[in-house]
Amino acid sequence: MSSQLHPVTFLSADFGQLINLLQDNSYDKIFILVDENSMQHCIPLLMTKISDLRHAEVLEIESGEENKTLEIAEQLWISLAEQGATRKSLLINLGGGVVCDLGGFVASVYKRGIDFIHIPTTLLAQVDASLGGKVGVDHGVLKNQLGLFSLPNNVYIDPSFVNTLYIRHVKSGFAEMLKHGLIADKKYWSKLFALEDVNAKILSDFVSRSVEIKMKVVSGDFKEKDIRKSLNFGHTIGHAIESYSLQHDTLPLFHGEAISIGMVAEAFLSKNKCDLSETELTQISEVITRHFEIELPPADAFEELWQLMQHDKKNERGKVNFALIRSIGKAEIDVNCEREEVMEAFNYAKSVFK
Ligand SMILES: NC(=O)c1ccc[n+]([C@@H]2O[C@H](COP(=O)([O-])OP(=O)(O)OC[C@H]3O[C@@H](n4cnc5c(N)ncnc54)[C@H](O)[C@@H]3O)[C@@H](O)[C@H]2O)c1
Ligand SMILES: [Zn+2]
């Protein structure tokens, strides 16, 4: 799949396209960034398909959102320097959204930028995080606070990588797929809506449609001045809930789980601010609660959530801006909502998830 921004390549059985990339570029050194799970489940297949990569240097981080930090980025810059990475080196990010976001950031800043590719190994990273050139790290309590728009040379997808994911991680990716339907494609939404149950195998058939939607939206607006903001549906409230959970919970919510709550709350805002129909709001709440069993932050957490929302990157002139939907498949951006309206939406989500 080619786009003005970066190609997305679905790998053939022999990983031939990736072998070609390595042959066409004379990289002096190749580094592969992994976490312990992509190390265990994904490196063996990659090395089997491309035996030359056995000479690559493997950089391993600990898994989890709490490691998408500047401190870990710094450790990686030190490792790259110690192991002789130059401007002619390549970084391969083999992992989920954390590895892709962090590795893309590390590569983009190291010596003012070296080549990097993503090989996303979670569903969420295949349909969303690896695409579109947003890279970065969290800072303090704020998600993706430090980062840049920086394009990978290519994104290589092998849907079989996701077969070893825990179901909670599969569903986390499913949340972003639902979002793609909600903001851009009612037919796609209807197909996802019809799924009684989801697992990695069932969802692998839908990966390419999500990739198409995300790449189309991003290609028209790389720097997120306009329509790219629609991809943030569910994320203003969702990111606040994710940050809250990372701070307060022993077992924090995953990104897609937090976003699924955010989508229910923001669908409620969409009804009040953009005339989303009651029927569609109910349908959205129904499908999300069918697939996600999540405990929401307590009611008295709202003030902290609202404070976190004040830092959302879409805000302008002190106002909290939302990307909402007018109807399923039609996005509306730059909708300003007041504190009371957002609180009502949060309470609605709490009543729906119970
Ligand atoms: N840059 C963007 O445009 C963008 C878009 C959406 C999300 N994101 C970011 O993506 C991150 C979430 O991504 P994620 O859900 O992939 O999280 P993740 O990277 O933490 O991966 C989830 C879990 O799956 C494990 N894992 C990875 N591959 C595996 C495999 N093949 N088999 C078994 N386990 C495997 C990981 O080790 C981790 O424990 C968040 O940081 C979010 O902010 C970025
Ligand atoms: Zn997301």
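Criteria and thresholds
Residue numbering note: each chain is counted from 1, following its sequence as written. Key to labels: chains lettered from A, ligands numbered from 1, both in the order written. Where totals are concerned, whole chains, interfaces and linings use all residues; where local detail is concerned, this predicted model gives features only for residues with pLDDT of at least 70, and gives and counts side-chain atom pairs only at 80 or more. As a rule here, side-chain values come from all non-hydrogen atoms in the structure, and water together with hydrogens is ignored. A pair of strands counts as paired when DSSP detects no fewer than two bridges linking them. Under the DSSP-based scheme used, a helix requires at least four consecutive residues in state H or I and a strand at least two consecutive residues in state E, with every element numbered from the N terminus. Fitting a line to C-alpha atoms yields each axis, with helices limited to the stretch in contact; the angle taken between N-to-C directions then spans 0 to 180 degrees. Every residue pair with non-hydrogen atoms within 4.5 Å of one another is taken to be in contact. These descriptions rest on fixed angle ranges, namely under 35 degrees for roughly parallel, over 145 for roughly antiparallel, 65 to 115 for roughly perpendicular, and the rest for oblique. In this scheme, a crossing is called left-handed if the near helix is turned counterclockwise away from the far one by less than a right angle; it is called right-handed if the turn is clockwise. Ten residue types, Ala, Val, Leu, Ile, Met, Phe, Trp, Tyr, Cys and Pro, are classed as nonpolar, four, Asp, Glu, Lys and Arg, as charged, and the remainder, Gly among them, as polar. Note that water is not among the atoms considered, so a metal site may appear incomplete; the donors listed are N, O and S atoms within 2.8 Å of the metal, with 3.2 Å applied to Na, K and Ca. A simple rule labels every residue: compare its accessible area, found with a 1.4 Å probe on the protein chains alone, to the largest value its type can have, and call it buried under 20%, exposed over 50%, or partly exposed in between. For the purposes of these results, a polar contact is taken to be a pair of N or O atoms within 3.5 Å, where, inside protein, one atom must be able to donate a hydrogen and its partner to accept one; residues adjacent in sequence count only when each atom of the pair is a side-chain atom. Salt bridge, as used here, is a side-chain nitrogen of Lys or Arg placed within 4 Å of a carboxyl oxygen of Asp or Glu.

Side note on the sheet that holds strand S4 (residues 90–95)
Picture the strands of a sheet paired through backbone hydrogen bonds; they go either parallel or antiparallel. The strand order across the open sheet formed by six strands is S1-S8-S5-S4-S2-S3, and the pairing between neighbours is parallel. Pairing within the sheet leaves two strands with one partner each, and these edge strands are strand S1 (8–10) and strand S3 (57–61). Direction aside, neighbouring strands of the sheet carry axes that sit 20 degrees apart on average. Inspection of the sheet shows S4 paired to strand S5 (residues 115–120) by six bridges, in the parallel sense. Within S5, the residue paired with Leu94 across the bridge is Ile119. The sheet contacts of helix H5 (residues 97–109) involve strand S2 (30–35), S3, S4 and S5, and relative to S4 the element is tilted by about 165 degrees.

A few points about the packing of helix H7 (residues 167–184) against helix H12 (residues 255–274)
Between two packed helices, the angle of one axis relative to the other and the distance separating the axes together describe the packing. Look at H7 against H12: their axes get within 7 Å of each other, and the N-to-C directions meet at 40 degrees. Looking at the two axes, H7 sits oblique to H12. Seen along the crossing, H7 lies across H12 with a hand that is left-handed. Every residue of H12 that contacts H7 at Arg168, Ser172, Ala175, Glu176, Leu178, Lys179 and Leu182 is listed here: His255, Gly256, Glu257, Ile259, Ser260 and Met263. For the contact of H7 with H12, the residue count by class is five nonpolar, four polar and four charged.

Details of the coordination of the zinc ion (ligand 2)
Summarising the metal site, the zinc ion (ligand 2) is bound by the protein donors Glu176 (OE), His235 (NE2) and His255 (NE2), whose distances to it range over 1.9 to 2.1 Å. Ordering the donors of the zinc ion (ligand 2) by residue number gives the pattern E-x58-H-x19-H. Note that Glu176 is positioned in helix H7 and His255 in helix H12, a separation of 79 residues in sequence. For the pair Glu176 and His255, a shared accessibility class is recorded, and that class is buried.

A look at the environment of Glu304
Mapped onto the secondary structure, Glu304 falls in helix H14 (residues 302–309). Overall, Glu304 belongs to the partly exposed group, its relative accessible area being 29%. Sequence spacing of Glu304 and Ala240 is 64 residues, and the spatial spacing of their C-alpha atoms is 8.5 Å. Dropping the residues within four chain positions of it, Glu304 is found in contact with Tyr244, Gln247 and His248. Of note is the side chain of Glu304, whose polar atom sits 2.7 Å from the side chain of His248.

Details of the pattern of salt bridges
Taken as a whole and assessed by the stated rule, the structure comprises 21 salt bridges. We note a salt bridge from Glu212 to Arg209, for which the minimum N-O separation is 2.7 Å. Remark: Arg209 and Glu212 occur in helix H10 (residues 207–219); sequence separation between them is three residues, near one turn of the helix. Residue Glu212 is classed as partly exposed on the basis of its relative accessible area, which comes to 37%. Overall, Arg209 belongs to the partly exposed group, its relative accessible area being 30%. Between Glu332 and Arg326 there is a salt bridge, with its nearest N and O atoms 2.9 Å apart. When salt bridges that share partners are traced, they join Glu65, Lys68, Asp101, Asp138, Lys143 and Glu242 into one network.

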